[in-house]
Amino acid sequence: MTSRSELRHKLALSPRDVEAVSAALTADGDPLIDGLLDLVDAHGGVAAINRAAAESGRLETRLERLRAERSPWLDDLAWLTEQRDRGAFVPLAEYRRRIVGEAAGPPPPDERAVTLEISALQYFPWLMAEARRAIERRELMPGRFIRVRAMAEQAAPDGDLLAVAAAMQIVGASHVETLDTRGIDGSNVMLGGPETITGYFGGIGEPNDYPLKWANEYLHYLTHYGIRQVLNVNLGTVLVGLLLRKLGVENEFKISVFMGVDNPWAALFVLMGARLLAADDGSTSLAGLNLSNSVDVATLEASSAVRAALGLTDAVRFEHHVTEAYRSIVRQPYDRRDDVVRAAASVPNVSAKHEGGEPDIEAGREHPSDIFDYFVARDAALSEGLMPALEGNYLDKHDAVNRTAAALLRAGVGVRAASLLHGTE
């Protein structure tokens, strides 16, 4: 009878199989890899890409470009900087004392702190409205922002791509953009509007040459705007993103909830790919994994053990939805706040994502949040008079962020908000 240890040993990767994969990736004339190498060359090569990204991503570079473009957002960015510098935002220590009480004791350990995350920051004015509310109400601004607005629209002359990126540097938060090459541009013949939603069961929409189109779009925004971290929704584009880092490009991506990573086996598969395709220095371009809405605390704990075993705990953030858009994506009421609070006791490097307001608040809104609103063009939102309602939905999410912050702090768990506005304890 084969022993348990003998069976376990059979799972070890054989040098023969690793060599076979390496040979496939390095073989001359492979059309997939050649296409990727041609793309990197078309953008000037690895070193030039990294230099351009670093320069384009500097705050001063972004501000200079905004001045040259006579951006309407410059005054707001100056105001945001002024409020930060004069200490207008509530310090994290003061916020915690207000929530927990004067006898709060020492601050929670930072290594267990949960990042406060909000989605989706579609328009720059929403950030300003949120900042003003945070100052007025002595609330926390998130430490992480997700955007799902069309990139071409943001980068247009009256867009806000650079303004939002600069604002993130001013407040001390990370942010993620969503490329236009994501299955809503006609790439997938199955997909149209909501009436074809089951087409997503056949894939998000990155057929044939689209992974390289995705990479080309990414490299454009990386080198021209310094946009380093983007959403990833497809196994093909995940592989391309990992290979770019393997080649030496300093790129980053996070995996979307739409990938359906809803159990620790799926997490193991994704994280194995990240480990096996790490760069020479051991780094990976996989910066975040947004687990499926169906996961529970046990999923987070088991996936965290896998992540730790692969040495990726600090590199790959787990993102878990606390709230979701009220319409068109999940059954309501959807409230996973207790899960995040419980998981934080044993799962490090996790963020609490707020994609909707509190379900009981949303239920009373004339226009509750709807995931399909993410795909409404700016001109349509303006012509249909939707902007006030959409901004209101976003501020409902801000309120949910602060409810989660309070729940975590009461449980003795630290939080990560916008670090340059609120500091750390």
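From a predicted model like this one, the values you see are computed outputs, not experimental measurements.

A. Focus on the overall build of the protein. When helices and strands are counted, the protein shows 19 helices and nine strands. Compactness check: the protein gives a C-alpha radius of gyration of 22 Å against a globular reference of 22 Å for 425 residues, within 12% of the reference. Seen through its principal axes, the protein has C-alpha atoms that stretch 65 × 55 × 45 Å. Evaluated residue by residue, the protein yields a buried proportion of 52% over its 425 residues. Within the protein, counting contacts between residues at least 6 apart in sequence, those at least 24 apart form 79% of the total. A total of about 19,200 Å² of accessible surface is found on the protein, and carbon and sulfur atoms cover 55% of it. Taken as two groups, the 44 positive and 60 negative side-chain charges of the protein have centres that lie 5 Å from each other.

B. Inspection of helix H14 (residues 297-309) at higher detail. Between its first and last C-alpha, H14 extends 18 Å over 13 residues, near the 18 Å set by a 1.5 Å rise per residue. Listed as buried for H14 are Val297, Thr299, Leu300, Ser303, Ser304, Val306 and Arg307. Where H14 is buried, its residues meet helix H13 (264-276), strand E7 (317-323) and helix H15 (337-343). Positive backbone phi, at 70°, marks Gly311, one or two positions downstream of H14.

C. Summary view of the packing of helix H11 (residues 210-225) against helix H12 (residues 235-247). Between H11 and H12, whose axes approach to 9 Å, the crossing angle comes to 50°. When the axis of H11 is compared with that of H12, the two are oblique. Considering the relative orientation of H11 and H12, their crossing is right-handed. Along its contact with H11, which presents Pro211, Trp214 and Ala215, the element H12 presents Gly236, Thr237, Val240, Gly241 and Leu244. Here the contact of H11 with H12 is built from residues that sort into five nonpolar, three polar and no charged.

D. Quick look at the pairing of E7. Most of E7 sits out of view: seven of its seven residues are buried. When strand E6 (residues 286-290) meets E7, the two strands line up parallel, connected through three bridges. Looking at E7, one finds that Leu289 is bridged to Phe318. On the question of chirality, the crossover connecting E7 to the parallel strand E8 (residues 350-354) by way of H15 is right-handed.

E. Molecular detail of the packing of helix H7 (residues 92-100) against helix H18 (residues 387-410). Running from N to C, H7 and H18 cross one another at 75°; their axes reach a closest spacing of 9 Å. As summarised for this structure, H7 and H18 are arranged roughly perpendicular, according to the angle between their axes. Every residue of H18 that contacts H7 at Tyr95, Arg96, Ile99 and Val100 is listed here: Asn402, Ala405, Ala406, Leu409 and Arg410. For the contact of H7 with H18, a count of residues per class yields six nonpolar, one polar and two charged.

F. Highlighting the packing of aromatic side chains. Taken as a whole, this structure holds five aromatic pairs when the rule is applied. A ring pair is formed by Trp214 and Tyr218, whose centres lie 6.1 Å apart and whose planes are at 10°; its orientation type is stacked. Of this pair, Trp214 and Tyr218 both sit in helix H11, four residues apart, roughly one helical turn. Taking the relative accessible area as the measure of exposure, Trp214 reaches 3% and is therefore buried. We classify Tyr218 as buried; its relative accessible area is 1%. Plain terms: the ring middles of Tyr221 and Tyr225 are 5.6 Å apart, the flat faces sit at 35° to each other, and that makes the pair tilted. Placement of both Tyr221 and Tyr225 in helix H11 is noted, with a separation of four residues, approximately one turn of the helix.

G. Broad picture of the pattern of salt bridges. In the structure shown here, the tally under the stated rule is 26 salt bridges. Linking Asp110 and Arg416 is a salt bridge whose minimum nitrogen-to-oxygen distance equals 3.4 Å. A residue pair is termed long-range when its members are at least 10 positions apart, and Asp110 in the loop between H7 and strand E1 (114-119) and Arg416 in strand E9 (residues 415-416) qualify at 306 residues. Of the residues examined, Asp110 reaches a relative accessible area of 46% and is grouped as partly exposed. Arg416 sits in the partly exposed class, given a relative accessible area of 27%. Across the pair Asp158 and Arg378 runs a salt bridge whose closest N-O atoms are separated by 3.5 Å. Taken together, the residues span a long stretch of sequence, with Asp158 in the loop between helix H9 (151-155) and helix H10 (161-171) and Arg378 in helix H17 (residues 378-383) at a distance of 220 residues. Take Arg378: its relative accessible area is 26%, and that puts it in the partly exposed class. Ionic contacts of the salt-bridge type, sharing partners, join the residues Arg147, Arg149, Glu153, Asp160 and Glu177 into one network.

H. Up close: the environment of Arg182. By the secondary structure assignment, Arg182 is in the loop between strand E3 (174-176) and H11. Judged by its relative accessible area of 9%, Arg182 is buried. Each C-alpha atom of the pair Arg182 and Ala267 lies 22 Å from the other, and the pair is 85 residues apart in sequence.

I. View of the pairing of strand E4 (residues 229-232). Two elements, E4 and strand E5 (residues 252-255), share four bridges in a ladder whose sense is parallel. What sits directly across from Leu231, in E5, is Lys254. Read from E4 through H12 to E5, the crossover connection turns out right-handed.

Conventions and cut-offs
Throughout, residues of each chain are indexed from 1 in the direction in which the sequence is written. Only residues with pLDDT of at least 70 get local features here, since the model is predicted, and only at 80 or more are side-chain atom pairs given and counted; chain-wide, interface and lining totals rely on the full set of residues. Each side-chain value is worked out from all heavy atoms of the structure, with water and hydrogens disregarded. Per the convention used, a helix needs a DSSP run of H or I reaching at least four residues, while a strand needs a run of E reaching at least two, with both numbered from the N terminus. For a compact globule the rule gives 2.2 Å times the number of residues to the power 0.38, and the radius of gyration it is set against comes from C-alpha atoms. Type-normalised accessible area, obtained with a 1.4 Å probe on protein chains alone, sets the label of each residue: buried when under 20%, exposed when over 50%, and partly exposed for intermediate values. Any two residues having at least one pair of non-hydrogen atoms within 4.5 Å are treated as being in contact. Methods summary: accessible areas were calculated by the Shrake-Rupley approach with a probe of 1.4 Å, and residue burial reflects only the protein chains presented. Lys and Arg are tallied as positive, Asp and Glu as negative. Neither His nor the chain termini are counted. Every charge is mapped onto a representative atom, which is NZ of Lys, CZ of Arg, CG of Asp or CD of Glu. To estimate the expected span of a helix, count its residues, drop one, and scale the result by 1.5 Å. Here the axes come from fitting lines to C-alpha atoms, over the contacting stretch only for helices, and the angles between their N-to-C directions go from 0 to 180 degrees. Here roughly perpendicular refers to angles of 65 to 115 degrees, roughly parallel to angles under 35, roughly antiparallel to angles over 145, and oblique to all remaining angles. Crossing chirality is assigned from the near helix's rotation relative to the far helix, an anticlockwise turn below a right angle marking it left-handed and a clockwise turn marking it right-handed. When residue character is reported, Ala, Val, Leu, Ile, Met, Phe, Trp, Tyr, Cys and Pro are called nonpolar, Asp, Glu, Lys and Arg charged, and the others, Gly included, polar. Strands qualify as paired when DSSP identifies two bridges or more between them. Handedness of a crossover is defined as follows: with both strands directed away from the viewer, a clockwise route from the first strand across the helix to the second makes it right-handed. Side-chain rings of Phe, Tyr and Trp (the six-membered ring for Trp) are treated as a pair once their centres are within 6.5 Å; stacked means planes under 30 degrees apart, edge-to-face means over 60, and tilted covers the remaining angles. Put simply, a salt bridge is a Lys or Arg side-chain nitrogen that is within 4 Å of an Asp or Glu carboxyl oxygen.

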